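Analysis of the macromolecular model
Residues per chain, in single letters:
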Amino acid sequence: MAQLFFKYGAMNSGKTIEILKVAHNYEEQNKPVIIMTSGIDSRDEIGVISSRIGLRRNGIAIFEETNILSVVEELAYEPACVLLDEAQFLTKEHIIQLTKIVDNLNIPVMAFGLKNDFQNELFEGSKYLLLYADKIEEMKTICWYCHKKATMNMRVIDGKPVYTGEQIQIGGNEAYFPVCRKHYHHPPIAE
């Protein structure tokens, strides 16, 4: 029976490398997958799933108007699994479409993304994945400043924390640090 999985973690928790690994494992067994990512993420190229360690793969870019269910139904093949990176940027409608892929087409869906933004508010996609997912798993990483588990994403400019601004600002290690609660509220001051 197919299920909707949501695997979330702070920045640098290995979400993208995990999605690439899952795709490889399916395809090594001749089970085709479809990989998608948010069209908002333009760090590499739009539609490219790219990990910090250098692995990358082309996928299908999802935009606000994209009907994910239709994309999967119109494929020339039936995927063994649908894999989504940067799922935090999806809309409520996208998440409902994912549930229909699972429930109506009986295809498992694995969505990977951040849970909360730099102000510790849920992203729309994450909120609805937390509500609708059959299985939820946290991917762990460590705080930028200490050895504790990172649960928050700190936006930084020139190494200094920023707590206000637009929810979505695309960036990697130059713009965000994974941090524990203590260091989110009391970061070491950069000299």
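Whatever comes next refers back to the structure up there.
In short, a report on the structure. (Residues numbered from 1 in each chain as written. Predicted model: local features only at pLDDT ≥ 70, side-chain atom pairs only at ≥ 80, totals over all residues. Heavy atoms only, no water.)

Focus on helix α3 (residues 92–105)
Every α-helix carries 3.6 residues per turn, so stepping three or four residues along brings you back to the same face. In this model α3 runs 19 Å from its N-terminal to its C-terminal C-alpha over 14 residues, within 8% of the 20 Å that 1.5 Å per residue would give. Residues of α3 that are buried sit in contact with β1 (4–8), β5 (60–62), α2 (68–73), β6 (81–85), β7 (109–113) and α4 (124–132). (Helix = DSSP H or I, 4+ residues; strand = E, 2+ residues; numbered from the N terminus. Expected span 1.5 Å × (residues − 1). Contact = heavy atoms within 4.5 Å.)

Some remarks on α4
Residues of α4 that are buried include every one of Gly125, Ser126, Tyr128 and Leu129, and no others. Turning to α4, the residues buried within the fold contact β1, α3 and β7. (Buried < 20%, exposed > 50% of the residue type's maximum accessible area, 1.4 Å probe, protein only.)

Let's talk about the packing of α3 against α4
Two numbers describe a pair of packed helices, the interaxial angle and the distance between the axes. Running from amino to carboxyl end, α3 crosses α4 at an angle of 35°, the nearest separation of the two axes being 8 Å. Of the two possible hands of crossing, α3 and α4 adopt the one that is right-handed. Side by side, α3 and α4 meet where Lys92, Glu93, Ile95, Ile96, Leu98 and Thr99 of the first sit next to Glu124, Gly125, Tyr128, Leu129 and Tyr132 of the second. Class assignment for the residues of the contact of α3 with α4 results in 6 nonpolar, 2 polar and 3 charged. (Axes fitted to C-alpha atoms, helices over the stretch in contact; angles between N-to-C directions. Left-handed = near helix turned anticlockwise from the far one by under 90°. Nonpolar A, V, L, I, M, F, W, Y, C, P; charged D, E, K, R; others polar.)

What to know about the nonpolar core
In terms of nonpolar packing, the biggest core is built from 24 residues, with Ile68, Val82, Leu84, Leu98 and Ile101 touching the most fellow members. Within the residue set of this core, elements represented by two or more residues are β1, β2 (33–38), α2, β6, α3, β7 and α4. A total of 4 residues in this core trace back to one element, the largest contributor, which is α3. Excluding residues within four positions of it along the chain, isoleucine 68 makes contact with Met36, Ile62, Leu84, Leu90, His94, Gln97, Leu98 and Ile101. Ranked by size, the runner-up nonpolar core spans 12 residues in total, among them Ile19, Ile35, Cys81 and Leu83. (Core = buried A, V, L, I, M, F, W, Y, C linked by side-chain atoms within 4.5 Å.)

A word on the sheet that holds β5
One open sheet holds the 6 strands; their spatial order is β5-β2-β6-β7-β1-β8, and the pairing between them is parallel. Looking along the sheet, the strands with just one partner apiece sit at the ends: β5 and β8 (135–138). Going across the sheet, the axis of each strand differs from the next one's by a mean of 20°, ignoring polarity. Seen against the sheet, helix α1 (residues 15–28) touches β1, β2, β6 and β7 and runs at an angle of roughly 160° to β6. Sitting on the sheet, α4 touches β1, β7 and β8, and the angle it makes with β1 is about 130°. (Pairing = 2+ DSSP bridges.)

Re the pairing of β6
Of all 5 residues in β6, 5 are buried; the element is thus mostly enclosed. Every second residue of β6 is oriented toward a common face, with Cys81, Leu83 and Asp85 on one face and Val82 and Leu84 on the other, all of them buried. As defined by bridge partners, β2 adjoins β6 across 5 bridges and the pair is classed as parallel. Considered in β6, the bridge of threonine 37 is made with aspartate 85. A crossover links β6 with its parallel partner β7, the connecting element being α3, and its sense is right-handed. (Right-handed = clockwise from strand over helix to strand, strands pointing away.)

These figures come from the coordinates and say nothing about function on their own.
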